[in-house]
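# Architecture at a glance
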Amino acid sequence: MRDDLPADLAPRLAEELGLKLSEYEHVVEILGRTPTVTELYMYSLMWSEHCSYKHSRKSLRMFPTEGPAVLQGPGENAGVIGVGDGWAVAFKMESHNHPSAIEPYQGAATGVGGIIRDIFTMGARPIASLNSLRFGTLDKPRQRYLFEGAVAGIGGYGNCLGVPTVGGEVYFEEAYEGNCLINAMAIGLMREEDLMLAVAAGPGNLIVLIGSTTGRDGIGGASVLASQEFDEKAEDKRPSVQVGDPFTEKLLIEACLELLQRDLLVALGDLGAAGLTSSASEMASRGGVGLEIDVTLVPQREDAMKPFEIMVSESQERMLAVVTPEKLGEVQDICEHWGLPATVIGQVTDTGRFVIREGDEVVGDMPAATLAHDAPIYDPPAERPAYLDELQRFDPLSELDHPGGVEMLTATLFDLLASPNICSRRWIWEQYDHQVMLNTVVLPGSDAAVLRIGMPGRGEVTERAIAASSDCNGRYCYLDPYTGAQIAVAEAARNVACAGGRPAAITDCLNFGSPEKPEVFWTFTESIRGMADACRAWEVPVISGNVSFYNESFGQPIYPTPTVGLVGVLEDVAHHTTLGFKQAGDVVVLLGETGAELGGSEYLKVVHETVAGLPPRVDLDAEAALREVLLAAIGEGIVRSAHDCSEGGIAVALAESCIAGAVGADIHLGDELPPVAELFSETQGRVVVTVAEDAVERLFELAFEAAVPFAVIGTVGGEVLRIEGLVEAGVVEMSDVFEGALAGLVHPEETIATEELREG
Amino acid sequence: MRLGVVLFPGSNCEQDVVHAAHELGIGAEYVWHGDTDLAGFDALVLPGGFSYGDYIRCGAVARFSPVMSEVVRFAERGGPVMGICNGFQILTEAHLLPGALLRNTGLKFICHPQPLRAERSVCHWVNLPEGTVVDIPVNHNEGNYYCDAETLERLNANGQVVLRYCEPDGSRAPGGSAPNGALDDIAGICNERGNVFGLMPHPERAVDPLVGTTDGRPFFTTVMARLAEVAG
């Protein structure tokens, strides 16, 4: 046993590696001696917030995680649900916020790579990815750099893999200026019987490392980057950011799926945060076995690497497999066909211990399960933030002067359509291959992406489809985390239902500041409570997820941002629905009812530069009833278009449906509310649908039976969106503003130059 | 008739091409880049993707794959070969087609529907009437076609320009209609003989009506009909 760490130095190294003194003492207690350098690194990584969920684990138990469709809940690399006819989808969302804030291209790219590996580890072929992004406002050059870099990184990686990027969301708010959010979600498809778990078993079986060589990149990523907040030393952390190689990942996908298909593996796991340490120890602890690894057998890309560096390196594009000795040859043949090294680096043992050797010398010997399971679980104090009372007391209608009259209200609508949080995201998704694999039925830009279930290239095409959406309005969560988190689930579910999908399950990515601050931790638990209540009421379980804490810079936390990724199922892909108005003469119907709810709205932010008030309420029963009516009507084939009302209210929803359909509409709204509320209230539980004239009665029957408010508000036609007495806006003009806004914000110089040209 | 779809490490549109072929009742099979036996194939497609990661230069490594010398022989014997996107890049690297594909002038990857006009050409893969406008997606980072002036003149004179980027009405904008800066709006070219065809847009994405237009169908059916005719 190598004795390379003097007992008096050990606590200091532990502290540098992010372990608390009490945690270090627990390590000593487990080992019954001073840890070696390798052991200390391994414990510090595995017990970091990022890997151990030590502050969140208790709260996460609030989530409902079971349901008839759930084949695999949280705890594995990804969750899996059955979607009918023996098909299953695996999905998960994960953050890569801190690396991206330092180096946006590689940070975002490796975020995509990591989540895709989680998917094919389960035996599923990755079929789609989505993303949820947050930046500061684009008037700051650094924010433009981060935004452009992250988008290019997501595209650069996903496009090369041939996995379509089909949807996502992005917001620009001051609160994310020092700490952008990059959440990547991936979805995979498989046959139910192909589900594979990362459980090491069978003493004597071999541990095989497949894929890239191991270097010093990303050492300590999980502890140094992901589990600490940013300060002026952030730039020094650049060496902790990994570099992606999507080509190797593409080969890994093909090789691993072939290995699984041929039933050659006992277990498969990917190397993500904390590298070999985490992958191996989690596999071992799930299987209740021991492992022995010789680091000198690991193919290395740099000279003189220390055992601890090899064990915690976060070099990308590596997989760990457990293989029986008799199948090793076949495994290596398949890997060689794909040009990938597959190297035996150790074996499974029955000792229950994780032994690390460097040649003949033992450099680490730990009870395997203690790495993954013995991290302390904290129950930090939570305290309602003092700022909430004042913010929530704010009444937007009585405390501000609001625009009135057709001219001013129309101008306000244009301002909202140009708002970076509302305008078209085309500039982003045209940089992503969103079509490869030929399953993308509804392209980005509608409420939810719709993907046919099937493997067209293998002649397996079905009539089923899934719909997916990711959502979270951090501003609502800042003003009221319980309600804001419910809205995140509600909006995702509404979006999926608008596309024709029945919500099935969610994944989440919970982005918060430091859990050690009681006010932040309160927003965390409240958000979980809100999401959990919504999920339970709607029987939409949480099947996977990720927590990202310490999203702060210079002591300022981000808005609480519990992002939801929801997947729903369409029994018949023919019934997929999009947001654009389809045909002149169609009748526009509002399902749901508008209230005076301007708190936290985009209108308040854009027109009054105010973030205050109470966010819109959520009525769990009404939301469910609305979705049922919508799905019934879509199922009967009478719905021509469907679009949910969210940021910017019904005015923006109508404008978006006009723009997408390149046709106008004549609309009459009620006059019970003040005009700005009627137009821009962000009341939940509302969907604008169009139906042919002869189907209006049927839709009314469906709504009436379910007690869902129903109002005929106008007809489709012409080239102008006319909202009687309130708005008069040409569709072409709206489209120009809506489609051009984002590019103009990213490249302000070019826009100015063009304007000068026009004027000159 | 059998279509061979050549699979390089890093290709990622091969399944889409096979799906498109199957939709049209054309038999299609994969050919691994390490194979050197093309016997039994009537036509070949080099699909899109990122062969070898495109790390050095798009298509620069793939042209050295063992299968490529056979592809060159197949083409020299008059066998029909179509390179789509990365496949087009590989064909230029292998000197089966003239010119090169540079980085898009906007310096960004582009993925969107794209109107294209058919030109009068000698291409075996396309026989659309001159001026026909088709709507087929583009999806690339390096699609900016370039060649020297002499080559361009020859391409035009010989009827080797098969497709041009255009406006929805088929016209060409004064400053160019190419979304990537391509010379003379060139989206697809063929060799002098007409059997080797390269294009940046993805016709396989415009076959199955569930996920796009059906404007890409002739790009697969024409050559098959022609081969059937020749076979008698």
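Residues numbered from 1 in each chain as written. Chains lettered and ligands numbered in written order. Predicted model: local features only at pLDDT ≥ 70, side-chain atom pairs only at ≥ 80, totals over all residues. Heavy atoms only, no water.

Below, the discussion takes up the overall build of chain A. Of the regular secondary structure elements, chain A holds 28 helices and 28 strands. Principal-axis analysis of the C-alpha atoms places the extent of chain A at approximately 85 × 55 × 55 Å. Intrachain contacts of chain A at a sequence separation of at least 6 include 85% that bridge at least 24 residues. Within the structure as shown, chain A displays about 25,400 Å² of accessible surface, and the carbon and sulfur contribution to it stands at 50%. Within chain A, the 115 negative side-chain charges are centred at a point lying 4 Å from the centre of the 51 positive side-chain charges. (Helix = DSSP H or I, 4+ residues; strand = E, 2+ residues; numbered from the N terminus. Contact = heavy atoms within 4.5 Å. Areas by Shrake-Rupley, 256 points an atom, 1.4 Å probe, with all protein chains shown as cover. Lys, Arg positive; Asp, Glu negative; His and termini not counted. Charge placed at Lys NZ, Arg CZ, Asp CG, Glu CD.)

This brings us to the sheet that holds strand β16 (residues 460–471) of chain A. All names here are of chain A. In spatial order, the strands read β14-β15-β16-β21-β17-β18; together these 6 strands make up an open sheet with mixed pairing. Edge positions in the open sheet fall to β14 (440–442) and β18 (542–548), since each of these has one partner strand only. Averaged over all pairs of adjacent strands, the angle between strand axes in this sheet comes to 25°, irrespective of strand direction. Relative to strand β21 (residues 561–570), strand β17 (residues 502–511) runs antiparallel, the two being bridged by 9 bridges. Within the sheet, the bridge partner assigned to cysteine 509 lies in β21 and is threonine 563. Along the sheet, helix α20 (residues 481–498) contacts β16, β17 and β21; its crossing angle with β21, the most-contacted strand, is approximately 25°. Packed onto the sheet, helix α21 (residues 518–538) meets β17, β18 and β21 and runs at close to 175° relative to β17. (Pairing = 2+ DSSP bridges. Axes fitted to C-alpha atoms, helices over the stretch in contact; angles between N-to-C directions.)

Turning next to the pairing of strand β22 (residues 587–591) of chain A. Residues and elements named next belong to chain A. Counting buried residues along β22, 5 of its 5 residues qualify, which places the element largely inside the surrounding structure. Burial of β22 is two-sided: the residues Val587, Val589 and Leu591 facing one way and the residues Val588 and Leu590 facing the other way are all buried. Both β22 and strand β25 (residues 687–691) contribute to a ladder of 5 bridges, which runs antiparallel. Note on β25: the bridge partner recorded for valine 587 is valine 691. Strand direction decides the pairing type here: β22 and strand β26 (residues 710–716), joined by 5 bridges, are antiparallel. Bridge assignment links valine 589 to a residue of β26, and that residue is valine 712. (Buried < 20%, exposed > 50% of the residue type's maximum accessible area, 1.4 Å probe, protein only.)

Membership of the largest hydrophobic core comes to 69 residues, with the highest contact counts inside it found for Trp125, Phe197 and Phe219 of chain B. Setting aside residues no more than four positions away along its own chain, phenylalanine 219 of chain B makes contact with Met82, Trp125, Val126, Leu128, Val134, Ile136, Leu163, Phe197, Leu199 and Pro203 of chain B. In terms of nonpolar packing, the next biggest core, distinct from the first, is built from 68 residues, Met196, Cys423 and Trp427 of chain A together with Leu7 of chain B among them. (Core = buried A, V, L, I, M, F, W, Y, C linked by side-chain atoms within 4.5 Å.)

It is worth spelling out the interface of chain A and chain B at this point. Listed per partner, the contact involves 34 residues of chain A and 27 residues of chain B. For the pair chain A and chain B, the summed buried surface comes to about 2,600 Å²; carbon and sulfur atoms form 60% of the total. One can count 3 salt bridges joining chain A with chain B. Of the charged contacts, one joins arginine 452 of chain A and aspartate 208 of chain B as a salt bridge, the two residues approaching to 2.9 Å between their closest N and O atoms. Scanning the region where chain A abuts chain B turns up 13 residue pairs in polar contact (both at pLDDT 80 or more). (Buried area = accessible area lost by both parts, 1.4 Å probe. Salt bridge = Lys/Arg side-chain N within 4 Å of Asp/Glu carboxyl O. Polar contact = N/O pair within 3.5 Å; in protein donor to acceptor, adjacent residues only side chain to side chain.)

Let us now look at the sheet that holds strand β10 (residues 186–190) of chain B. Residue and element names in this part refer to chain B. Pairing in this open sheet of 9 strands is mixed, and the strands run β2-β1-β3-β4-β11-β10-β9-β6-β7 from one edge to the other. The open sheet has two edge strands, β2 (27–32) and β7 (133–140), and neither has a second partner. Averaged over all pairs of adjacent strands, the angle between strand axes in this sheet comes to 25°, irrespective of strand direction. Sheet topology note: the β10/strand β11 (residues 196–199) ladder contains 3 bridges and is antiparallel. Among the inter-strand pairings, cysteine 190 is bridged to a residue of β11, identified as phenylalanine 197. Each of β1 (2–7), β2, β3 (43–46), β4 (81–84) and β11 is contacted by helix α2 (residues 66–76), which is oriented at about 135° to β3, the strand it contacts most.

With that settled, consider the environment of histidine 19 of chain B. Its location among the elements puts histidine 19 of chain B in helix α1 (residues 14–23). Accessibility expressed as a relative area gives 3% for histidine 19 of chain B, which makes it buried. Along the primary structure histidine 19 of chain B and aspartate 169 of chain B are separated by 150 residues, whereas in three dimensions their C-alpha atoms are 30 Å apart. Every residue in contact with histidine 19 of chain B, bar those within four places of it in the chain, is listed here: Leu438, Arg452, Pro456, Gly457 and Val461 of chain A together with Asp208 of chain B. Side chain to side chain, histidine 19 of chain B and aspartate 208 of chain B meet in a polar contact 2.9 Å long.

Another aspect to go through is helix α13 (residues 328–337) of chain A. Each α-helix turn comprises 3.6 residues. Residues three or four places apart therefore point the same way. All names here are of chain A. The complete set of buried residues in α13 reads Leu328, Val331, Ile334 and Cys335. Seen from one end, α13 has its buried residues packed into an arc of 130°, which puts them on one side. Seen from the open side of α13, the exposed residues pointing more than 90 degrees away from its buried face are Asp333 and Glu336. A positive backbone phi angle near 75° is found at glycine 339, which sits one or two residues after α13. (Arc of directions from axis to C-beta.)

The next thing to look at is helix α2 (residues 21–31) of chain A. Residue and element names in this part refer to chain A. Of all the positions in α2, only Glu23, Tyr24, Val27 and Leu31 are classed as buried. For α2, the arc enclosing every buried residue in end-on projection is 105°, short of the 170-degree limit, so these residues lie on one face. Those residues of α2 that are exposed and aimed more than 90 degrees away from the buried face are Leu21 and Glu29. Those residues of α2 hidden inside the fold are in contact with α1 (10–16), α3 (37–46) and β13 (361–367). With its phi angle positive at about 70°, glycine 32 sits one or two positions after the end of α2.

Within this structure, the stated rule accounts for 3 cavities of 30 Å³ or more. Quantified by volume, the largest cavity comes out at close to 180 Å³. Elements that contribute at least two residues to the lining of the largest cavity include exactly β4 (125–135), α10 (246–261) and β15 (449–455) of chain A together with α1 of chain B. Size it by volume and the second largest cavity reaches roughly 100 Å³. In terms of lining residues, the second largest cavity is bounded by 17 residues, among which Gly49, Phe50, Cys85, Asn139 and His140 of chain B are the most central. Sorting the residues of the lining of the second largest cavity by element identifies α3 (86–93) and β7 of chain B as the ones contributing at least two each. A class-by-class count of the residues in the lining of the second largest cavity yields 4 nonpolar, 10 polar and 3 charged. (1 Å grid on protein atoms, 1.4 Å probe; cavity = no way out; pocket = protein on both sides within 12 Å on 5 of 7 lines; lining within 4 Å. Points joined across faces, edges and corners; volume = space filled by probe spheres on them. Nonpolar A, V, L, I, M, F, W, Y, C, P; charged D, E, K, R; others polar.)

This part takes up the pattern of salt bridges. For the structure on display, the rule yields 55 salt bridges over all chains. Here arginine 2 of chain A ties to glutamate 361 of chain A by a salt bridge, and the two come within 2.9 Å at their closest N and O atoms. Here the residue arginine 2 of chain A occupies a position in the segment before α1, and glutamate 361 of chain A occupies one in strand β13, the gap between them amounting to 359 residues. Overall, the relative accessible area of 33% leaves glutamate 361 of chain A in the partly exposed class. Sharing partners across several salt bridges, the network here consists of Arg117, Glu119, Arg164, Arg172, Asp184 and Asp185 of chain B.

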